[in-house]
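# Residue-level structural notes
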Amino acid sequence: MAVTKSLGGGSLIGMPIYYSNGENFGTLCGMDLRPHHFTDDHIDLFEAMANLLGNVLDLEMAHSKIQTLAVPFVPISDEVAILPVIGDVDEERTERILEISLEESVHHTLEYLILDLSGLISIDSNSTVNLMKIGKSLKLLGVKTILTGMRPDLAMMAVRENSDFDQLMVKADLNQALESIGYTLVKN
């Protein structure tokens, strides 16, 4: 290798790191400036570490996919989409909600994004403030945010944290939100 030529004599051991699908992530390398004879135990150790790193990378990829699924983005027309917030929300999930909201709003050239909180189980105070900031971020992109499903405890927490509601239209439920922007639900 070019790097080892410039260092002179020494030792290098390398083991490829693979995802479970067989795709190569990279190589786990060990290098010493002194010559060293690697035994089968050394090779087995590096192989075990490379396999462990591959498993960790697979877990990280699975976690990322779960996080994406944990923020379902539902377009209902060319200009309107709903993002239901379901379950528990912490700061990491709030960041993911913000990312998805911004990316998908731009991708779909939305006019309105409805954040429905009716499925929310729990949220910490920092995340409440950050959810309110989504409206400000979307406004910079020309997207109006409508908040629905606000529970009394969440409303009290948002007021206690001095969250800024001027960027958000708040409606009691999804039906009211859709009606406020000219949509009606019609049963055929």
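Heads up: these notes are all about the structure in this document. No experiment lies behind these values; they were computed from the predicted model shown.

The backbone of Thr109 sits at a positive phi, close to 45°, despite the residue not being glycine. Here Thr109 is to be found in the loop between α3 (91–107) and β5 (112–123).

Right, let's talk about the sheet that holds β5 for a bit. On the basis of which strands lie adjacent, the open sheet formed by five strands has the order β3-β4-β5-β6-β7 and mixed pairing. On the outer flanks of this sheet lie β3 (74–75) and β7 (168–170), each paired with one strand and no other. In this sheet, β5 lies alongside strand β4 (residues 80–89) in parallel orientation, the contact comprising nine bridges. The partner of Ala81 across the bridge, within β5, is Leu113. Most of the contacts of α3 go to β4, to which it runs at about 170°, and overall it touches β4 and β5. Of the strands in this sheet, β4, β5, β6 (144–148) and β7 are in contact with helix α4 (residues 125–140), which crosses β5 at around 175°.

Here Asp116 lies in strand β5. Of the side chains with opposite charge, Arg151 comes closest to the buried, unpaired Asp116, at an N-O distance of 9.9 Å. When sequence neighbours within four positions are dropped, the list of residues in contact with Asp116 reads Ile82, Leu83, Pro84, Val85, Thr148 and Gly149.

The subject of this paragraph is a negative patch on the surface. A contiguous patch of negative charge, built from Asp88, Asp90, Glu91, Glu92, Glu95 and Asp124, is present on the exposed surface. The dominant element in the negative patch, judged by the number of residues it contributes, is α3, at three residues. Topologically, Glu92 is positioned in helix α3.

The rules behind the values
- Along each chain, residue indices are assigned from 1 in the same order as the chain's sequence is written.
- Local features in this predicted model are restricted to residues whose pLDDT is 70 or higher, and side-chain atom pairs enter the listing and the counts only when it is 80 or higher, whereas totals over whole chains, interfaces and linings include all residues.
- Think of the side-chain values as coming from all heavy atoms in the structure, minus any hydrogens and water.
- Secondary structure follows DSSP: runs of H or I at least 4 residues long count as helices, runs of E at least 2 residues long count as strands, and numbering of each begins at the N terminus.
- By definition, two strands form a pair when at least two bridges between them are found by DSSP.
- A contact between two residues is defined here by any heavy atoms of the two lying within 4.5 Å.
- Axis definition: a line fitted to C-alpha atoms, over the contacting stretch in the case of helices. Angles run 0 to 180 degrees between N-to-C directions.
- Accessibility here uses a 1.4 Å probe with only protein chains present; expressed as a share of the type maximum, an area under 20% marks a residue as buried, one over 50% as exposed, and anything in between as partly exposed.
- A positive count includes Lys and Arg, and a negative count includes Asp and Glu. His and the chain ends are not counted in either.
- The salt bridge criterion pairs a side-chain nitrogen of Lys or Arg with a carboxyl oxygen of Asp or Glu, the two atoms within 4 Å.
- Patch construction takes residues with relative accessible area above 30% that form no salt bridge. Like charges are linked within 9 Å, and nonpolar side chains (Val, Leu, Ile, Met, Phe, Trp, Tyr) are linked within 5 Å.
- To measure how exposed things are, a 1.4 Å probe is used in the Shrake-Rupley method; for residues, cover is taken only from the protein chains shown.
- A charged residue contributes its charge at one atom only: NZ of Lys, CZ of Arg, CG of Asp or CD of Glu.

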